[in-house]
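Working through the structure, step by step
Listed below, chain by chain, are the residues.
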Amino acid sequence: MSTRTILPITAALFFNLACLLRVTQCEITEPTNMSTTTPPEPMVKKRFLKVARCPGQVLAAAHRYRTLGGRSVLDCVAQCRPDSGCLSVVFDSSSHHCHLGAATVTLDCRNTEPAGSVVKQYEAAIPCPTYGEALGPDGTCVCAEGFRGTPCEPYIGDCSEGFERGNFTQSGVYDVYPLAADQSFQVYCKQQGNTVRMYIMQHTNDRKDFNKNYFKYTDGFGNPGADHWLGLEKIHLLTTSRAYELQVLIKPQNNTSYSQKYKHFQVSNADSGYRLSFDSSVTGTLGDCFTPLKGAIFSTYDNDQDESVSVNCADKHQGGFWFRGDTCSTCNPTGPLTLPADGLRSGVDNEAFWTENLGNVAPFKIYMFLVPL
Ligand SMILES: [Ca+2]
């Protein structure tokens, strides 16, 4: 079940009659407010699973954990709902009593004794001990929206969510667990004014080699918070879990910032070659290098997918990237940083560059990060 499924968790629920009549699975949920920044109290969800009818019986006195008046099973269920000790409901139709069953009561007719009245019993699932939803009598918990894992814990899909919920309080390396992922991983989050950046690349040190093989580019290399490439698979998982704008930020020697923004930046899955896509509205001061590369798949020196039969672009430019055709690309953000004393490129193929608006000005620091749309 998707954790994004709209669960009826923010509103008080009513035990509806249709549910009762079907005598199948009927739910009652404690109202909780999941939108608060602090984690809510563990949700106690009771799902009334089955009915047992024991004609001519009453609940044995030993199992009468609490007895209240009631006109119907519906009444009894309503009284069981807020009682944390109540895991079953027994309605005595002749005396119009609700017997709330404690955890030790096995809901079948063995716990009854002859008395000439009719007992109707409902068994409630055990409330999950953590944030989650009790699914059935086997105790399996399916986590509610915003919670994942075993036991269910609040999950943070990305940097922004971490700051919004108050789990992240300052820039740093954090675990995120995007919706499409099946496990969490670390990213570097930076709070910058009102926006939160989630880094997929930091390339600022000439000693950090970015000319890695396809496996490394898929898996990621370096450490978030320092020079690193997050990894195509993680970028794919992030960008398919939420809509982002990719921002490329380059600082030349003079430390002026140039950036380029690509809305709805998305990287497809491994089977389709981690294809590059984004929205057509592109803005920025750096200049648009990516539009000719839109739809390109990722290349590394050992996995040439650049659509050129004569050129191995990644090998030529000494870095993995989306390249296309004999001209490869007009930018090379993963190419070696030469950090020239005069701040100008030497013009060779194997150095970092972004020719649009930088021309022959050499990039000294290159960052790529995601900002939610
Ligand atoms: Ca090629």
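Preceding block: the structure.
None of these values were measured; they are calculated from a predicted model.

A separate point is the overall build of the protein. Scanning the protein for helices and strands turns up seven helices and 25 strands. By the burial criterion, 40% of the 373 residues in the protein qualify as buried. Across the protein, contacts joining residues at least 24 apart in sequence account for 51% of those joining residues at least 6 apart.

For the rest of this paragraph, the subject is unusual backbone geometry. One non-glycine residue, Q318, lies in positive phi territory at about 60°. Within the secondary structure, Q318 sits in the loop between α6 (313-317) and β24 (321-322). Positive phi, normally seen in glycine, also occurs at L339, with a value near 45°. With respect to the element layout, L339 can be found in the loop between β24 and α7 (355-358). On the basis of neighbour count, L339 is assigned to the partly exposed category, with 16 C-beta atoms found within 10 Å.

In this section: helix α5 (residues 232-239). Given 3.6 residues to a turn, an α-helix orients residues that are three or four positions apart in the same direction. With seven of eight residues buried, α5 is to be regarded as a mostly interior element. Looking only at α5, the buried set comprises L232, K234, I235, H236, L237, L238 and T239.

Residues C159, V187, C189, M198, Y199 and L246 are the most contacted members of the largest nonpolar core, which totals 60 residues. Here this core takes six residues from strand β25 (residues 363-372), the largest share from any one element. Setting aside anything within four residues of it in sequence, one finds M198 in contact with D158, C159, V187, C189, F369 and L370. The next biggest cluster of nonpolar side chains, apart from the first, holds 13 residues, and it includes L59, C80, L87 and C98.

Okay, the pairing of strand β5 (residues 88-92) next. Burial of β5 is extensive: five of the five residues sit out of reach of the surface. Where burial is concerned, the two faces of β5 agree: the one with S88, V90 and D92 and the one with V89 and F91 are both buried. Taking the residues between adjacent antiparallel strands as the criterion, β5 and strand β6 (residues 97-101) are bridged by four residues, where H96 takes a positive phi near 55°.

On to the environment of S171. With respect to the helices and strands, the residue S171 is situated in the loop between α3 (159-164) and β13 (172-176). Separated by 18 residues in the primary sequence, S171 and C189 have C-alpha atoms spaced 5.4 Å apart. When residues no more than four places from it in sequence are discounted, the contact partners of S171 are C189, K190 and Q191.

Here is what the cut-offs are and how they apply
- Residues numbered from 1 in each chain as written.
- Predicted model: local features only at pLDDT ≥ 70, side-chain atom pairs only at ≥ 80, totals over all residues.
- Helix = DSSP H or I, 4+ residues; strand = E, 2+ residues; numbered from the N terminus.
- Buried ≥ 20, exposed ≤ 12 C-beta atoms within 10 Å, placed from the backbone.
- Contact = placed C-beta atoms within 7 Å.
- Core = buried A, V, L, I, M, F, W, Y, C linked by C-beta atoms within 7 Å.
- Pairing = 2+ DSSP bridges.

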